[in-house]
Amino acid sequence: MQKRYIPFAVFFVILLVLLAHFGSRSVRSEATFAFAESRKQIYLTFDDGPSTLVTGQVLDVLKKENVKATFFIVSDRAETRRATLKRIANEGHTVGVHSATHDYAKIYASDKTLLDDVSTCADFIYEVTGVKPTCYRFPGGGIKNIKHKTALLENAGYTVVSWNAVCGDEEIPDADADTLYKRAVQTAAGKNTVVLLCHDSASHKATAEALERIIGYFRKEGYVFRAF
């Protein structure tokens, strides 16, 4: 090969190597993205606690199963259960704001009363745990002017968390653990991302009893457990 062609040949070889390298990276990135989009994941969420007995039982199951969850706290109820609230945070679960009082009439009287309720609960959580909460769930869930109120909370720095599946522990009167398990499976059917609504206030003993079986089902189905 004549010398004048050598630089061109070297450049051509380098170009081919670079194209092959970045092409493979592109394919790899697309595959990773597709995998992330299709991956099954479930968020276990608990409202209206903490309670001494039920929340304690829920935490015992989560610890045994090595699962993290999200707890939306009512600070009035946590006032006499500070040790349980600390345990939630200390064991690596997410602590979110639900309400200071769970009194709908007071909470939703105005934008100011809503934000005051959130701040009262958030301040209490920080005082007890040292954790500044960043996620929020509306008491009662389906409320009027939810888009406006969601924007209000987001502007205050919160991620508003709803749900797309339930275990039925509020909707089904006197439900036993088996009923709650079946309801969770039924309402989560066909969803790759599941946000499961449960409750851990004192009257929800059956929820704690159903939890291990619920976790076992979703784990068997290939779901990854996450917290917000």
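So, how was this worked out
- Residues numbered from 1 in each chain as written.
- Predicted model: local features only at pLDDT ≥ 70, side-chain atom pairs only at ≥ 80, totals over all residues.
- Heavy atoms only, no water.
- Axes fitted to C-alpha atoms, helices over the stretch in contact; angles between N-to-C directions.
- Helix = DSSP H or I, 4+ residues; strand = E, 2+ residues; numbered from the N terminus.
- Parallel < 35°, antiparallel > 145°, perpendicular 65-115°, else oblique.
- Left-handed = near helix turned anticlockwise from the far one by under 90°.
- Contact = heavy atoms within 4.5 Å.
- Nonpolar A, V, L, I, M, F, W, Y, C, P; charged D, E, K, R; others polar.
- Salt bridge = Lys/Arg side-chain N within 4 Å of Asp/Glu carboxyl O.
- Buried < 20%, exposed > 50% of the residue type's maximum accessible area, 1.4 Å probe, protein only.
- Phe/Tyr/Trp six-rings, centres within 6.5 Å; stacked < 30°, edge-to-face > 60°.
- Lys NZ or Arg CZ within 6 Å of the ring centre and 35° of its normal.
- Core = buried A, V, L, I, M, F, W, Y, C linked by side-chain atoms within 4.5 Å.
- Disulfide = S-S within 2.5 Å.

A. How the structure looks around the packing of helix α2 (residues 52–65) against helix α9 (residues 205–220). Their axes nearest at 8 Å, the elements α2 and α9 cross at an angle of 20°. Comparing the axis directions of α2 and α9 gives the class roughly parallel. In the packing of α2 onto α9, the handedness of the crossing is right-handed. Contacts from L53, V54, Q57, V58, V61, L62, K64 and E65 of α2 reach α9 at K205, A208, L211, E212, I215 and R219. For the contact of α2 with α9, a count of residues per class yields 8 nonpolar, 1 polar and 5 charged.

B. Molecular detail of the pattern of salt bridges. Going through the model one piece at a time under the given rule, you end up with 10 salt bridges. Among the salt bridges present, the one from R87 reaches D60, with a minimum N-O distance of 2.7 Å. Here the residue R87 occupies a position in helix α4 (residues 82–90), and D60 occupies one in helix α2, the gap between them amounting to 27 residues. Here R87 falls in the partly exposed class, since its relative accessible area comes to 25%. Between R82 and E79 there is a salt bridge, and its shortest N-O distance comes to 2.9 Å. Linked through salt bridges whose partners overlap, the residues forming this network are D60, R87 and E91.

C. Just the packing of aromatic side chains, in detail. Applying the stated rule across the entire model yields 7 aromatic pairs. For the ring pair Y217 and F218, a centre distance of 5.0 Å and an interplane angle of 85° mean the geometry is edge-to-face. When the ring of F218 is compared with that of Y223, the centres are 5.2 Å apart and the planes differ by 85°; the resulting orientation is edge-to-face. Across this residue pair, the class does not change: F218 and Y223 are buried. By the ring-pair criterion, three or more aromatic residues cluster together here, those being Y181, Y217, F218 and Y223. Seen from the ring of Y181, R213 lies directly overhead, with NZ or CZ sitting 3.7 Å from the centre.

D. Here's a closer look at the nonpolar core. L44, F46, L62, F71, L114 and L196 are the most contacted members of the largest nonpolar core, which has 54 residues in total. Apart from the residues within four sequence positions on either side, L44 is in contact with L62, V67, A69, T70, L196, L211, I215, F225 and R226. Among the nonpolar cores identified, the runner-up in size contains 5 residues, and Y43, F72, V161 and V195 belong to it.

E. Expanded view of the state of the cysteines. Applying the stated criterion across every chain yields a total of 0 disulfides. Among the cysteines around C167, which has no disulfide bond, C198 carries the closest sulfur, lying 3.9 Å off. Residue class for C167 comes out buried when judged on its relative accessible area of 1%.

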